[in-house]
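Each chain is listed here by its residues.
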Amino acid sequence: KESYFIKQLDLSHRARRLKVAGELELPPSLGQRVWISGWVGEELLVSKPWHGDLYLEGDYLNLGYWQRYIPNHLLEIQRGTAHAKVWSQWQSGRLQRARGEVVASQGYIAAKQWRLAAPLQQFSTQFDWRWQTDKWALIVDSLQFQSDTIAAHGMHFSIEQQHQIGEAQAPPYHEIRIAR
């Protein structure tokens, strides 16, 4: 069982909203620490679907752990650490949008569809992820990537995943656009 340690937590209540700010020390399997700041609707206090805007900043995040949130068929991150800043918007207790930046190093990544498998020396990018009714879309901008054999600078691409309505067993539809 992993333990989290709240080093600092400030809460205030005003105009039907909770303002939150704090620092959370993470278990080593996740990273080092996360700072959080923002507001959430007071419905969170009575276990109702909540809304809000939250900023998160993480240090020395373990990329191998966070891989579970990235579809393996798009990108597999086996190890490495990252610093991330994320501005997020929530509705009905669900993430609707996340914008931010990530700087990572000392990892190993694989993208089978591009026949890419390489140690990661340096990686940085800005991103904008959005959820819409039956699909999500991700825009990656200012991608910088450096490994022993591959380098990419200033790349831009977007990915959309469309869920097939009424076809529960059908695989999701992906559309990938790459521009330089």
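Residues numbered from 1 in each chain as written. Predicted model: local features only at pLDDT ≥ 70, side-chain atom pairs only at ≥ 80, totals over all residues. Heavy atoms only, no water.

Asks: Explain the overall build of the protein chain to me, using residue names and the numbers behind them.
Replies: Scanning the protein chain for helices and strands turns up 1 helix and 10 strands. Across the 180 residues of the protein chain, 33% fall into the buried class. Pairs at least 24 apart in sequence give 38% of the contacts found in the protein chain among residues at least 6 apart. Working note: accessible area of the protein chain is about 11,700 Å², and carbon and sulfur atoms make up 54% of it. (Helix = DSSP H or I, 4+ residues; strand = E, 2+ residues; numbered from the N terminus. Buried < 20%, exposed > 50% of the residue type's maximum accessible area, 1.4 Å probe, protein only. Contact = heavy atoms within 4.5 Å. Areas by Shrake-Rupley, 256 points an atom, 1.4 Å probe, with all protein chains shown as cover.)

Asks: Can you explain the confidence of the model for the protein chain? Please cite residues and give values.
Replies: Taken residue by residue, the protein chain gives an average pLDDT of 83. The fraction at 70 or more is 88%. Here strand β10 (residues 173–179) stands out as the element of the protein chain with the lowest mean pLDDT, 53, in contrast to strand β4 (residues 52–62), whose mean of 95 is the highest. (pLDDT = per-residue confidence, 0-100.)

Asks: How would you sum up unusual backbone geometry? Please name residues and give values.
Replies: Of note, arginine 16 is a non-glycine position whose phi angle comes to about 65 degrees, a positive value. Even without being glycine, serine 142 reaches a positive phi, approximately 55 degrees. Classification of serine 142 as partly exposed rests on a relative accessible area of 32%.

Asks: For the pairing of strand β5 (residues 76–91), give the residues involved together with the corresponding values.
Replies: When β4 meets β5, the two strands line up antiparallel, connected through 9 bridges. Bridge pairing in β5 places tyrosine 55 opposite tryptophan 87. Direction of pairing for β5 relative to strand β6 (residues 94–111): antiparallel, over a ladder of 14 bridges. Bridging from a neighbouring strand, tryptophan 87 pairs with arginine 99 of β6. Between β5 and β6, which follow one another and run antiparallel, lie 2 residues, and serine 92 among them has a positive phi close to 50 degrees. (Pairing = 2+ DSSP bridges.)

Asks: Which residues make up the environment of aspartate 128, and what are the values?
Replies: Mapped onto the secondary structure, aspartate 128 falls in strand β7 (residues 116–132). In this structure the C-alpha to C-alpha distance between aspartate 128 and aspartate 141, which are 13 residues apart in sequence, comes to 8.5 Å. Contact partners of aspartate 128, with chain neighbours within four places excluded, come to Arg97, Ala98, Arg99, Ala137, Leu138 and Ile139.

Asks: How would you summarise the pattern of salt bridges if you had to cite specific residues and measurements?
Replies: Summed over all chains, the structure comprises 7 salt bridges. A salt bridge links glutamate 42 to arginine 16, with the nearest nitrogen and oxygen atoms 3.2 Å apart. Taken together, the residues glutamate 42 in the loop between β3 (33–41) and β4 and arginine 16 in the loop between β1 (5–14) and β2 (17–25) connect sequence positions 26 residues apart. Given the relative accessible area of 22%, glutamate 42 is considered partly exposed. (Salt bridge = Lys/Arg side-chain N within 4 Å of Asp/Glu carboxyl O.)

Asks: Can you break down the side chain of serine 88 residue by residue, with the values?
Replies: When you line up the elements, serine 88 lands in strand β5. A polar side-chain atom of serine 88 sits 2.8 Å from a polar atom in the side chain of tryptophan 90. Leave out the neighbours within four places in its chain, and serine 88 touches Gly52, Asp53, Leu54, Leu95, Arg97 and Ala98. (Polar contact = N/O pair within 3.5 Å; in protein donor to acceptor, adjacent residues only side chain to side chain.)

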